[in-house]
Amino acid sequence: MILTVVAGVITDSSGRVLITQRRADVPFAGCWEFPGGKLNPQEAPLAGLARELTEELGITLTAAQPLITVHHDNPLTQRRLWLSVYRVTAYHGQPNGCEGQPLRWCDPQTLDPAEFPPLDRPVIRALQLPNLSLITPEPTGDVAAFVRQLERALQTGIQLVQLRAKSLTDGEFAQLAQQVSGMCQQYSAQLVFNRPLASLQRGTFNAIAHHGWHLTAADLSQLTQRPTAPALLGVSCHTAADLRHAAQVEADYALLSPVQPTRSHPDAQPLGWEQFSQLVATANLPVYALGGVGREHLIHAQQCGAQGIAAIRGLWRDQSQHQATAA
Ligand SMILES: Nc1nc2c([nH]c(=O)n2[C@@H]2O[C@H](COP(=O)(O)OP(=O)(O)OP(=O)(O)O)[C@@H](O)[C@H]2O)c(=O)[nH]1
């Protein structure tokens, strides 16, 4: 049996999101959740969301966009629950707990998945992650120029940086990472290190503040559970099996590639947008489109269910710099 639930993320003018507390006499009693509920038979998702938000909060929904859809299979009841979460982008009225439920407005970065039903974990991550993820190009010699260009990229609003420098030794990487880490902190950007799993597990870079890990698909396949160390764990995926494994080890997000032909992996067979959206639909974690994409693909990627786009070339230099270089 399939049960479809819709929920809405309502945001106030300072970016806080509204969460509500479940009653004492229902499953996941006392947990916090995003307001919403089960769809009635034959009901369209947005109509169901509008009905639930009126019943629960007394507001009138006027516009919403998909954020993420996640699912859970219960082998005992043989029931699959689909939870489709929308960002509410416009509504009338003032939210109230019409059913007596407590309400709270929270900074998304402070949401604690332990206080929510387990299915909300990727939903919370989707709210905490930005929609652009920069992967740095291989640093070539002039480190100062590399760091200057990174700062320009951060100034365009990049909030998630993957430091990828395959040609550097661990020692050289650590030196560069030290500088990059300081700069990312200055711009409130999250930083993940793309290094072999063994170096990350050895704690080689532990002294460098506030970084997460990014693992290749090969390294992901070595994991049987989420490593305890990184606060943020990103993984590269190319297939449905990779995505399943990423969700099993509770990675925070995946980069799914290549969506389109890309210069960095000329021999790889592109997925195309159709297959990309099919894979994202059952991924159960936020997914970025990677491979031959740039800012101009962001809206399309999100329409395909993605969190956003990840890119080297497409985000390292903005369009005006490309034109200046070409001129
Ligand atoms: N609304 C909502 N439901 C969620 C979230 N996360 C999550 O796992 N669920 C699950 O989705 C289902 C929603 O069922 P519900 O009982 O709250 O739905 P409802 O408002 O239609 O209630 P009713 O059956 O009493 O009328 C529950 O199994 C709940 O645990 C969430 O963030 N928001």
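Residues numbered from 1 in each chain as written. Predicted model: local features only at pLDDT ≥ 70, side-chain atom pairs only at ≥ 80, totals over all residues. Heavy atoms only, no water.

Enquirer: Before we go on, may I ask you to explain the overall build of the chain in this structure?
Expert: Of regular secondary structure, the chain possesses 11 helices and 15 strands. Its C-alpha atoms give the chain a radius of gyration of 21 Å, near enough to 20 Å, the size a compact globule of 327 residues would have. Over its C-alpha atoms, taken along the principal directions, the chain stretches across nearly 60 × 45 × 40 Å. The 327 residues of the chain split such that 49% are buried. Across the chain, contacts joining residues at least 24 apart in sequence account for 61% of those joining residues at least 6 apart. Total accessible area on the chain is roughly 15900 Å²; 51% of this is exposed by carbon and sulfur atoms. For the chain, the distance from the average site of its 23 positive side-chain charges to the average site of its 26 negative ones is 4 Å. (Helix = DSSP H or I, 4+ residues; strand = E, 2+ residues; numbered from the N terminus. Rg over C-alpha atoms; globule rule 2.2 N^0.38 Å. Buried < 20%, exposed > 50% of the residue type's maximum accessible area, 1.4 Å probe, protein only. Contact = heavy atoms within 4.5 Å. Areas by Shrake-Rupley, 256 points an atom, 1.4 Å probe, with all protein chains shown as cover. Lys, Arg positive; Asp, Glu negative; His and termini not counted. Charge placed at Lys NZ, Arg CZ, Asp CG, Glu CD.)

Enquirer: Please explain the site of the ligand as it appears in this structure.
Expert: Within the structure, the ligand sits among 16 residues, and R22, F28, F34, K38 and D120 are positioned closest to it. Between the ligand and F34, the relevant distance is 2.7 Å, taken from a nitrogen atom to a main-chain nitrogen or oxygen of the residue. A distance of 2.9 Å is found between a nitrogen atom of the ligand and a side-chain nitrogen or oxygen belonging to D120. Of all the secondary-structure elements, those providing two or more residues to the shell around the ligand are β1 (2-10), β4 (36-38), α1 (45-57) and β6 (79-92). For the shell around the ligand, the leading source of residues is β4, giving three residues. A per-class count over the shell around the ligand returns eight nonpolar, two polar and six charged. (Near = heavy atom within 4 Å. Polar contact = N/O pair within 3.5 Å; in protein donor to acceptor, adjacent residues only side chain to side chain. Nonpolar A, V, L, I, M, F, W, Y, C, P; charged D, E, K, R; others polar.)

Enquirer: Mind showing me how you'd approach the UniProt feature "domain: Nudix hydrolase" (unreviewed entry) in the chain here?
Expert: Summarizing the sequence annotation, UniProt attributes the feature "domain: Nudix hydrolase" (unreviewed entry) to residues 1-131 in the numbering used throughout. Strand forms 40% of residues 1-131 and helix 16%; the C-alpha atoms that close the span are 34 Å apart. (UniProt positions renumbered as here; feature names shortened; annotations may be inferred.)

Enquirer: Looking at this model, I keep getting lost on the packing of aromatic side chains. Mind explaining?
Expert: How two aromatic rings sit relative to each other is given by the distance of their centres and the angle of their planes. In total, this model carries seven aromatic pairs according to the counting rule given. Members of the aromatic cluster, connected to one another through ring pairs, are F173, F193 and F205. (Phe/Tyr/Trp six-rings, centres within 6.5 Å; stacked < 30°, edge-to-face > 60°.)

Enquirer: What is the right way to read the packing of helix α3 (residues 143-155) against helix α4 (residues 170-186) from this model?
Expert: Angle between the axes and distance between the axes: these two values describe a pair of packed helices. At a closest axis distance of 11 Å, the pairing of α3 and α4 adopts a crossing angle of 20°. Judged by the angle between their axes, α3 and α4 are roughly parallel. With respect to the hand of their crossing, α3 and α4 are arranged in right-handed fashion. In contact with V143, F146, V147, L150, E151 and L154 of α3, α4 contributes L176, Q179, V180, M183, C184 and Q186. Of the residues belonging to the contact of α3 with α4, the class tally is nine nonpolar, two polar and one charged. (Axes fitted to C-alpha atoms, helices over the stretch in contact; angles between N-to-C directions. Parallel < 35°, antiparallel > 145°, perpendicular 65-115°, else oblique. Left-handed = near helix turned anticlockwise from the far one by under 90°.)

Enquirer: Would you mind going over the sheet that holds strand β14 (residues 287-290) with me for this structure?
Expert: What links the strands of a sheet is backbone hydrogen bonding, and the strands pair in either a parallel or an antiparallel sense. Read around the closed barrel, eight strands run β8-β9-β10-β11-β12-β13-β14-β15, paired in parallel fashion. Here the strands of the sheet are splayed against their neighbours by 25° on average, with no regard to which way each runs. As defined by bridge partners, β14 adjoins strand β15 (residues 308-311) across three bridges and the pair is classed as parallel. Directly across from L290, in β15, lies its bridge partner A310. Against the sheet, helix α8 (residues 272-281) touches β13 (253-256) and β14, its axis set at about 165° to β14. (Pairing = 2+ DSSP bridges.)

Enquirer: What is the right way to look at α4 in this model?
Expert: Because each turn of an α-helix spans 3.6 residues, side chains separated by three or four positions in sequence point in the same direction. Taking 1.5 Å as the rise per residue, α4 with 17 residues should run 24 Å; its terminal C-alpha atoms sit 24 Å apart, in good agreement. Within α4, the full set of buried residues consists of F173, L176, A177, V180, S181, M183 and C184. On the buried face of α4, the contacting elements are α3, β9 (160-164) and β10 (190-194). One or two residues past the end of α4 sits S188, with phi positive at roughly 55°. (Expected span 1.5 Å × (residues − 1).)

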